[in-house]
Amino acid sequence: GRLGAALGKQAPVVAFGACCFGTFGLCNLIQDPDTLGTWPALVGLAVAFGFGRSVWETNFKASVADFFPNDKEAAFANVQLQSGLASAVGFFVNPRISPQNLARVAALPLG
């Protein structure tokens, strides 16, 4: 994107996207469920998710292409594999983990 080109690297933008996703975990750790269910909180979290998702779909994938210029197909296959594995782990672990521990895992990008 433009910001990545202006900074010369994709890394700061990708870090921003990770922090946007980590915001979910942080909010679950510091806010009670009643507060998170209000419209201002929902809109704020939706905006943070939108920023994180847009970085994932653009700058992150551009970074992968930059790191593996000679083997882009394998690099993107690896990204899809890791994404699928993370989703599968999340699907099976979610019913067995407390909301606080789930929030801690989601907040890892911030730490």
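Placed above this text is the structure.
Residues numbered from 1 in each chain as written. Predicted model: local features only at pLDDT ≥ 70, side-chain atom pairs only at ≥ 80, totals over all residues. Heavy atoms only, no water.

(A) Inspection of the packing of helix 4 (residues 39–67) against helix 5 (residues 72–93) at higher detail. Look at helix 4 against helix 5: their axes get within 10 Å of each other, and the N-to-C directions meet at 135°. Here helix 4 lies oblique to helix 5, going by the angle between them. As helix 4 runs across helix 5, the sense of the crossing is right-handed. Contact residues: helix 4 offers Trp56, Phe60, Lys61, Val64 and Ala65, while helix 5 offers Lys72, Ala75, Phe76 and Val79. Split into classes, the residues belonging to the contact of helix 4 with helix 5 amount to seven nonpolar, no polar and two charged. (Axes fitted to C-alpha atoms, helices over the stretch in contact; angles between N-to-C directions. Helix = DSSP H or I, 4+ residues; strand = E, 2+ residues; numbered from the N terminus. Parallel < 35°, antiparallel > 145°, perpendicular 65-115°, else oblique. Left-handed = near helix turned anticlockwise from the far one by under 90°. Contact = heavy atoms within 4.5 Å. Nonpolar A, V, L, I, M, F, W, Y, C, P; charged D, E, K, R; others polar.)

(B) Just the packing of helix 2 (residues 11–30) against helix 6 (residues 99–106), in detail. Put simply, helix 2 and helix 6 touch, their axes get as near as 7 Å, and they point 150° apart. When the axes of helix 2 and helix 6 are compared, the crossing they make is left-handed. For the pair helix 2 and helix 6, the contacting residues are Phe21, Gly22, Gly25, Asn28 and Leu29 in the first and Gln100, Ala103, Arg104 and Ala106 in the second. Split by residue class, the contact of helix 2 with helix 6 holds four nonpolar, four polar and one charged.

(C) Layout of the environment of Val47. Examined against the element boundaries, Val47 turns out to sit in helix 4. We classify Val47 as partly exposed; its relative accessible area is 42%. Linking Val47 and Cys20, residues 27 residues apart in sequence, is a C-alpha distance of 8.9 Å. (Buried < 20%, exposed > 50% of the residue type's maximum accessible area, 1.4 Å probe, protein only.)

(D) Up close: the packing of aromatic side chains. This model, assessed by the stated rule, comprises four aromatic pairs. A ring pair is formed by Phe16 and Phe51, whose centres lie 5.9 Å apart and whose planes are at 55°; its orientation type is tilted. Of this pair, Phe16 sits in helix 2 while Phe51 sits in helix 4, and the two are 35 residues apart along the sequence. Looking at Phe51, the relative accessible area reads 43%, which means it is partly exposed. With a centroid separation of 5.1 Å and 85° between ring planes, the pair formed by Phe91 and Phe92 is classed as edge-to-face. Take Phe92: its relative accessible area is 54%, and that puts it in the exposed class. (Phe/Tyr/Trp six-rings, centres within 6.5 Å; stacked < 30°, edge-to-face > 60°.)

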